[in-house]
Amino acid sequence: MLDCTKEEVEKAIADYEAGLQQMPQHRVFLMNKAVSECEIGEYGKADSTYTRLLSIYPGYANGYLGRAQLRMEQHDTVAAMADIDKSISISKNIPGAYVMRAEINMDYNKDFKAALADMDEAIKLEPHFSGYFINRAFMKYNLDDYFGAMADYDYALQLDPTSMAAHFNRGLLRTEVGDNNKAIYDFSYVLRSDPGNMAARYNRALLYSETGQYRDAIADFDAVLETYPDFDAVLFARSECKRKMGDMAGGEQDYNRARELSRENKERQKENENDETLAQGGDGKQAEETRKE
């Protein structure tokens, strides 16, 4: 149902309901109806449809996986995990189940070892999907296995040489391990396809500055500042590049503007913190003292 309007999804649901009037236990109709209801935010109806589906087909692994997705939409990761575990207990051959469980362990539980084990299983089942290797690389990175992460990014790009996510993330990892020229290559690849990617441009600018390519760095910093004119860190960095190129006046101008913006940002942050304190009932110390009495 990707890229369908709400009206088109509602029409599909009506068609499934019509089919179910003729064949009330049709598994595909029930599954598609539940997925469609979830897609348009009709979570209560989707839950009822999944309950009906699984009462008729209690051994349907994909049914539990679909309901797990519904639970995720409802931000109930505990119930989602229970449904995923049930799905895997029925069938150990659905890579999506391992991927979903890995994402929960990674994003919510911060259990990267468990997430990695699940991604290993997904890759065994579907070894030619580059996205799985990108996900696993991130898990390995968080387990301080930089060599393993790099190997996964490399292999993901063997499978899909045009993957922007693999190039960008490999660029970040190459930057972290000090492989600056190769990191520049990755960010440049991203920017050839997506010139408006300011994260890639900013990272490349920092690398150009690090490797002494100040003119290229300034060109990238200029582009970032066109989109984010109040980005004080960029102005500080550009100031340094200009000074190293002998443009002392331009460097000083950027530096002064960066200091001004930094001061304004700190004042704004302090005001926001004060507003938050007031919204919570005044000074935190006084509130603590009140509770002690």
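Source: prediction; values computed, not measured.

Thresholds applied
Residues numbered from 1 in each chain as written. Predicted model: local features only at pLDDT ≥ 70, side-chain atom pairs only at ≥ 80, totals over all residues. Heavy atoms only, no water. Helix = DSSP H or I, 4+ residues; strand = E, 2+ residues; numbered from the N terminus. Contact = heavy atoms within 4.5 Å. Areas by Shrake-Rupley, 256 points an atom, 1.4 Å probe, with all protein chains shown as cover. Lys, Arg positive; Asp, Glu negative; His and termini not counted. Charge placed at Lys NZ, Arg CZ, Asp CG, Glu CD. Disulfide = S-S within 2.5 Å. Core = buried A, V, L, I, M, F, W, Y, C linked by side-chain atoms within 4.5 Å. Buried < 20%, exposed > 50% of the residue type's maximum accessible area, 1.4 Å probe, protein only. Expected span 1.5 Å × (residues − 1). Axes fitted to C-alpha atoms, helices over the stretch in contact; angles between N-to-C directions. Parallel < 35°, antiparallel > 145°, perpendicular 65-115°, else oblique. Left-handed = near helix turned anticlockwise from the far one by under 90°. Nonpolar A, V, L, I, M, F, W, Y, C, P; charged D, E, K, R; others polar. Salt bridge = Lys/Arg side-chain N within 4 Å of Asp/Glu carboxyl O. Patch = residues over 30% accessible without salt bridge, like charges linked within 9 Å, V, L, I, M, F, W, Y side chains within 5 Å.

With respect to the overall build of the protein chain
From N to C terminus, the protein chain includes 16 helices and zero strands. Of all intrachain contacts in the protein chain linking residues separated by at least 6 positions in sequence, the fraction that spans at least 24 positions is 40%. Total accessible area computed for the protein chain in this model is approximately 16600 Å², and 48% of it derives from carbon and sulfur atoms. Both charge centroids of the protein chain, one from 36 positive and one from 52 negative side chains, sit 3 Å from each other.

Structural notes on the state of the cysteines
Within this structure, the stated rule accounts for zero disulfides. Just so you know, C4 is unpaired, no disulfide at all, and the nearest cysteine sulfur is the one on C38, 15 Å from it.

What about the nonpolar core?
Counting 34 residues, the largest nonpolar core has I84, M119 and M139 as its most contacted members. Listing elements by their share of this core, those giving two or more residues are α4 (61–73), α5 (77–90), α6 (95–107), α7 (112–125), α8 (130–142), α9 (146–159) and α10 (164–176). Element by element, the count of residues in this core is highest for α6, at seven residues. When near neighbours in sequence (up to four residues on either side) are disregarded, I84 contacts L65, A68, A97, M100, R101 and I104.

Digging into helix α14 (residues 232–244)
Over its 13 residues, α14 extends 19 Å from the first C-alpha to the last, a length consistent with the 18 Å expected when each residue adds 1.5 Å. Just beyond α14, the residue with positive phi is G246, at close to 95°.

Some thoughts on the environment of L225
Looking at where L225 falls in the secondary structure, it is placed in helix α13 (residues 214–227). Overall, the relative accessible area of 11% leaves L225 in the buried class. Separated by 27 residues in the primary sequence, L225 and M198 have C-alpha atoms spaced 9.5 Å apart. Among all residues touching L225, those that are not within four sequence positions of it are F231, V234, L235 and R238.

With respect to the packing of helix α12 (residues 198–210) against α13
Relative to each other, α12 and α13 sit at 150°, their axes nearing to 8 Å. Classified by the angle between their axes, α12 and α13 sit roughly antiparallel to one another. In this structure, the crossing between α12 and α13 has a hand that is left-handed. The residues of α13 that touch α12, namely those facing M198, R201, Y202, R204, A205, L206, Y208 and S209, are Y214, D216, A217, D220, F221, A223, V224 and T227. For the contact of α12 with α13, the class distribution of residues is 10 nonpolar, two polar and four charged.

Concerning the pattern of salt bridges
Under the counting rule described, the total for this entry stands at 21 salt bridges. The salt bridge involving R238 is made with D254; its shortest N-O contact spans 2.7 Å. Of this pair, R238 sits in helix α14 while D254 sits in helix α15 (residues 248–279), and the two are 16 residues apart along the sequence. With a relative accessible area of 13%, R238 lands in the buried category. Of the charged contacts, one joins E260 and R257 as a salt bridge, the two residues approaching to 3.4 Å between their closest N and O atoms. Of this pair, E260 and R257 both sit in helix α15, separated by three residues, roughly a single helical turn.

Concerning a negative patch on the surface
Among the surface-exposed residues, E7, E8, E10 and E42 lie close enough to one another that they form a single negatively charged patch. Relative to the helices and strands, E10 resides in helix α1 (residues 6–22). On the accessibility criterion, E10 (36% relative accessible area) is partly exposed.

Some details on the side chain of K140
Along the polypeptide, K140 turns up in helix α8. Among the residues examined, K140 registers a relative accessible area of 14% and is labelled buried. Residues in contact with K140, not counting those within four places in the same chain, are L116, D145, G148, A149 and D152.

Points about unusual backbone geometry
Of note in the backbone geometry, H75 takes a positive phi value of approximately 65° without being a glycine. Along the polypeptide, H75 turns up in the loop between α4 and α5. Residues other than glycine seldom take positive phi values, yet D144 does so here, at roughly 65°. If you trace the backbone, D144 turns up in the loop between α8 and α9.

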